[in-house]
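Breakdown of the fold
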Amino acid sequence: MLNTFNTPKGLRIHIGLFGRRNAGKSSLANALTNQHISIVSNVPGTTTDPVEKACELAPIGPVVFIDTAGVDDVGELGAARVERSKTVLEWTDIALIVGSAAGLEPDDRELIADAKRLGTPSILVLNKAGIKAPTDQVLADARQYGLPVVITDAVEGLGIDALRQTIIRIVQEDTEPDRPLCGDLAHAGDTVLLVTPIDSGAPKGRLILPQVQAIRELLDAHAKAYVIQQDRVAEAIADLKNPPAFIMTDSQAIDDVARQAPDSIPLTTFSLQMAYAKSDLIELARGTAALSKLKDGDRVLICETCSHHPQKDDIGRLKIPRWLKEKTGLDLKIEVAVGKDFPDDLTPYAVLIQCGGCVVTRRHMLMRLRRAMSQKVPMTNYGLAICYLRGHLERVLSCHPEALEAFRKGLKS
Ligand SMILES: Nc1nc2c(ncn2[C@@H]2O[C@H](COP(=O)(O)OP(=O)(O)O)[C@@H](O)[C@H]2O)c(=O)[nH]1
Ligand code: SF4
Ligand SMILES: [Mg+2]
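Please read all numbers here as calculations on a predicted model, not as lab measurements. (Residues numbered from 1 in each chain as written. Chains lettered and ligands numbered in written order. Predicted model: local features only at pLDDT ≥ 70, side-chain atom pairs only at ≥ 80, totals over all residues. Heavy atoms only, no water.)

**Here we look at the overall build of the chain**
For clarity, the cut-off: Put simply, DSSP H or I for four residues or longer makes a helix, DSSP E for two residues or longer makes a strand, and each gets a number counted from the N terminus. The size measure is the radius of gyration over C-alpha atoms, and the globule rule it meets is 2.2 Å times the number of residues to the 0.38 power. The contact criterion used throughout is that any non-hydrogen atoms of two residues lie within 4.5 Å. Per-residue and other accessible areas were derived by the Shrake-Rupley procedure at a 1.4 Å probe size, with only the shown protein chains allowed to occlude residues. Positive charges come from Lys and Arg alone, negative charges from Asp and Glu alone, with His and the N- and C-terminal ends not counted. Where a charge sits is defined by one atom per residue type, namely NZ (Lys), CZ (Arg), CG (Asp) or CD (Glu).
A tally of regular secondary structure across the chain gives 15 helices and 14 strands. On C-alpha atoms alone, the chain measures out to a radius of gyration of 24 Å, which is about the 22 Å that the 2.2 N^0.38 rule sets for 413 residues. Taking the principal axes of the C-alpha coordinates as reference, the chain spans close to 75 × 50 × 35 Å. Put simply, 75% of the contacts in the chain that link residues at least 6 apart link residues at least 24 apart. Total accessible area computed for the chain in this model is approximately 18,300 Å², and 52% of it derives from carbon and sulfur atoms. With 49 positive and 52 negative side-chain charges, the chain shows a spacing of 1 Å between the two charge centroids.

Written out as structure tokens, the structure is:
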């Protein structure tokens, strides 16, 4: 569960370090964070899985450095590690491509090309400059790629501050920030009803991040946030002189809320707004139509981006599969993929149902969607799927007309 006081990982800027074994990635990660968590060793291939370390990088705030395995790793296990490093390159906000001050290698050039193809903002680091400073020729070669080039020596501490400053500049110029969850749907003076059930799944003594974020955005918009549980919807509406501008509810309470609130009041859910903030709502709405075309024996993949402890009536593992069976009456094969690893081959699945992804970045969520789209496998998300399965999708999408249109087109295609 999320802690509302520490910045959750999904809101931190993710900075990946990539390069050959022994380039000095772990040493640089240590120097940048002043922590000594990564194992630094002159035995090539010491960092096997991506290692994450969080720190504050003033003035941009909380960041996570991801120290990856060398891209020149060998053997069967090595190849798997290279694959994992390359996956990180797909979703990280910034890539530090760590080469040698003695000159770039073909692996470095391949990484630069990959990062460009993926649109990952990158910095080219020429490390170990204390051993041999880069020649003019090496520098000119490095600069031809048009990326910022920083010369460092992780052991001597040379260029570390310049690297930090370059990271800060790139973050400020280049990364893809999350969009608002709901703040842009409200105007100054509006009243917005937020429905947040406090059930056994709710964390003790606090609210979860999307709820806190929604309240904060509504305050920023000078709107009035009226926060209630689902048993008070009708009563809350009756309290108000003017109807609320919209109601945003936890998906799990959608049936209760839809029953109590007149159709004239726009209705949306936290997980649907999460798709709006962190992914591409229109594409996911189009993908939701695939739920109406499922056939006996189809495989459905539920994608949970973190390995949170499954709850008693877990939404991904129990409720969505149950509602899918109820709605379709089909014999479906429902599988769950947990964590940041996302299958390369999605083609065995008729549809993917993605969680809100509150612990990962928008870039990560878009990477998943892009991969699904490139393999022509429809993707929806928890919020949209739940609304569809409970019969409320058209109503909740009325807040997002283009997404509604995409869903309707999807039904016909
Ligand atoms: N002289 C010097 N040695 C370095 C530098 N960076 C890393 N090393 C050494 O190179 C070896 C590999 O470093 P490591 O950080 O584990 O590389 P990684 O495999 O890319 O993570 C270690 O012995 C480090 O001490 C540097 O900038 N200068
Ligand atoms: S499974 Fe997805 S939505 Fe649920 S807590 Fe993890 S990242 Fe957030
Ligand atoms: Mg390492």
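That was the structure; now back to the text.
**Overview of the nonpolar core**
We apply this condition: As used here, the term nonpolar core means buried Ala, Val, Leu, Ile, Met, Phe, Trp, Tyr and Cys residues forming a set that is joined through side-chain atoms within 4.5 Å. Partly exposed residues are those whose accessible area sits between 20% and 50% of the maximum for their type, while under 20% is buried and over 50% is exposed, using a 1.4 Å probe and protein chains only. Domain borders in the structure are assigned automatically or taken from a domain database.
Counting 59 residues, the largest nonpolar core has Ile247, Ile320, Leu324, Leu352 and Leu397 as the members making the most contacts within it. Top contributing element to this core by residue count: helix α13 (residues 382–389), with 7 residues. Residue-level mapping places this core at the junction of two domains, with at least three residues from each of domain 2 (188–271) and domain 3 (280–412). Among all residues touching leucine 397, those that are not within four sequence positions of it are Leu272, Ala285, Leu384, Ala403, Leu404 and Phe407. Counting 26 residues, the second largest nonpolar core, distinct from the first, contains Ala29, Val63, Val125 and Ala154.

**A short note on the sheet that holds strand β4 (residues 94–100)**
In sheet architecture, strand pairing relies on hydrogen bonds along the backbone and comes in two forms, parallel and antiparallel. What counts is decided by this rule: By this definition, two strands are paired if DSSP reports at least two bridges between them. Helix axes are fitted only over the stretch in contact, all axes being lines through C-alpha atoms; the angle between N-to-C directions runs from 0 to 180 degrees.
Spatial strand order, β2-β3-β1-β4-β5-β6: 6 strands in an open sheet with mixed pairing. Strands at the two margins of the open sheet, each flanked by one partner only, are β2 (51–57) and β6 (149–151). Averaged over all neighbouring strand pairs, the angle between strand axes comes to 25 degrees, with direction disregarded. Examined bridge by bridge, β4 and strand β5 (residues 122–127) share 6 bridges and lie parallel to one another.

**Focus: helix α6 (residues 209–220)**
The condition is simple: Each residue after the first adds 1.5 Å to the expected span of a helix.
The end-to-end C-alpha distance of α6 is 16 Å, a good match for the 16 Å that 12 residues give at a rise of 1.5 Å each. Looking only at α6, the buried set comprises Leu209, Pro210, Gln211, Ala214, Glu217 and Leu218. Considering only its buried residues, α6 is in contact with β7 (191–195), β8 (224–228), β9 (246–249) and α9 (270–278). Two residues or fewer past α6, histidine 222 is found with a positive phi of approximately 60 degrees.

**Focus: the site of ligand 1**
Note the cut-off: For each residue, the test is whether any non-hydrogen atom lies within 4 Å of the molecule or strand; if one does, the residue is near. Each polar contact in these results corresponds to two N or O atoms within 3.5 Å; when the atoms are within protein, one needs to be able to donate a hydrogen and the other to accept it, and residues that are neighboring in sequence are counted only if both atoms are side-chain atoms.
Looking at ligand 1, there are 17 residues lining it, with Asn22, Lys25, Ser26, Ser27 and Ala154 nearest. A distance of 2.7 Å is found between an oxygen atom of ligand 1 and a backbone nitrogen or oxygen belonging to asparagine 22. Lysine 25 is positioned such that a nitrogen or oxygen atom in its side chain is 2.7 Å from an oxygen atom of ligand 1. For ligand 1, whose accessible area on its own is 570 Å², the fraction buried by protein is 84%. Per-element accounting of the shell around ligand 1 gives the leading share, 3 residues, to helix α1 (residues 25–33).

**A few points about the environment of glycine 99**
With respect to the helices, strands and loops of the structure, glycine 99 is situated in strand β4. Sequence-wise, glycine 99 and phenylalanine 18 are 81 residues apart; in three dimensions their C-alpha atoms are separated by 8.8 Å. Not counting the four nearest positions on each side in its chain, glycine 99 is found in contact with Leu104, Asp108, Val125, Leu126 and Asn127.

**Focus on the packing of aromatic side chains**
We count it as follows: Ring geometry is summarised as follows: Phe, Tyr and Trp rings, the Trp one being its six-membered ring, pair when their centres sit within 6.5 Å, and such pairs are stacked at plane angles under 30 degrees, edge-to-face over 60 and tilted between the two. Distance and angle both matter: a charge sits over a ring if NZ of Lys or CZ of Arg is within 6 Å of the ring centre and within 35 degrees of the ring normal.
In total, this model carries 1 aromatic pair according to the counting rule given. For arginine 179, the ring lying beneath its charged end belongs to tyrosine 276, and the centroid distance is 5.6 Å. Of note, lysine 327 hangs over the ring of tyrosine 388, and the distance from its end group to the ring centre comes to 4.8 Å.

**As for the UniProt feature "domain: Hydrogen maturase F dimerization" (unreviewed entry) in the chain**
As a reminder of what qualifies: UniProt positions are given in the numbering used here, feature names are shortened, and annotations may be inferred rather than shown by experiment.
Those residues carrying the UniProt feature "domain: Hydrogen maturase F dimerization" (unreviewed entry) are residues 181–278 in this numbering. Secondary structure content for residues 181–278 is 36% helix and 17% strand, while the C-alpha to C-alpha distance between its ends is 8 Å.

**Concerning the pattern of salt bridges**
The cut-off we apply is this: Whenever a carboxyl oxygen of Asp or Glu lies within 4 Å of a side-chain nitrogen of Lys or Arg, that contact is scored as a salt bridge.
Following the criterion strictly, the structure yields 25 salt bridges and no others. With a closest N to O distance of 3.1 Å, arginine 286 and glutamate 283 form a salt bridge. You can see arginine 286 and its partner glutamate 283 sitting in helix α10 (residues 281–288), 3 residues apart, about one turn around the helix. Under the relative-accessibility criterion, arginine 286 is labelled partly exposed at 34%. The partner of aspartate 344 in a salt bridge is arginine 371, and the shortest N-O contact between them spans 3.3 Å. Here the residue aspartate 344 occupies a position in the loop between β12 (333–338) and β13 (351–354), and arginine 371 occupies one in helix α12 (residues 362–374), the gap between them amounting to 27 residues. One salt-bridge network, held together by shared partners, links Arg20, Arg21, Asp72, Asp73, Arg81 and Asp107.

**Examining the sheet that holds β9**
Across the sheet, which stays open at both edges, the 4 strands sit in the order β8-β7-β9-β10 with parallel pairing between neighbours. At either margin of the open sheet sits one strand with a lone partner, and together these are β8 and β10 (267–269). Going from strand to strand, the sheet's axes swing by 25 degrees on average, the running direction of each strand aside. Contacting β7, β8 and β9, α6 runs over the sheet at an angle of about 175 degrees to β7.

**A word on the packing of helix α2 (residues 75–91) against helix α3 (residues 106–118)**
For clarity, the threshold we go by: Reported orientations rely on four angle classes, namely roughly parallel under 35 degrees, roughly antiparallel over 145, roughly perpendicular from 65 to 115, and oblique for the rest. Helix crossings get a hand from a simple test, with the near helix turned counterclockwise from the far one by less than a right angle marking a left-handed crossing and a clockwise turn marking a right-handed one.
Running from N to C, α2 and α3 point in directions that differ by 40 degrees, and their axes come no closer than 9 Å. Between α2 and α3, the crossing angle belongs to the class labelled oblique. Crossing angle aside, the handedness with which α2 passes α3 is right-handed. From α2, Lys86, Leu89 and Glu90 reach across to α3, where they touch Glu110, Leu111, Asp114, Ala115 and Leu118.

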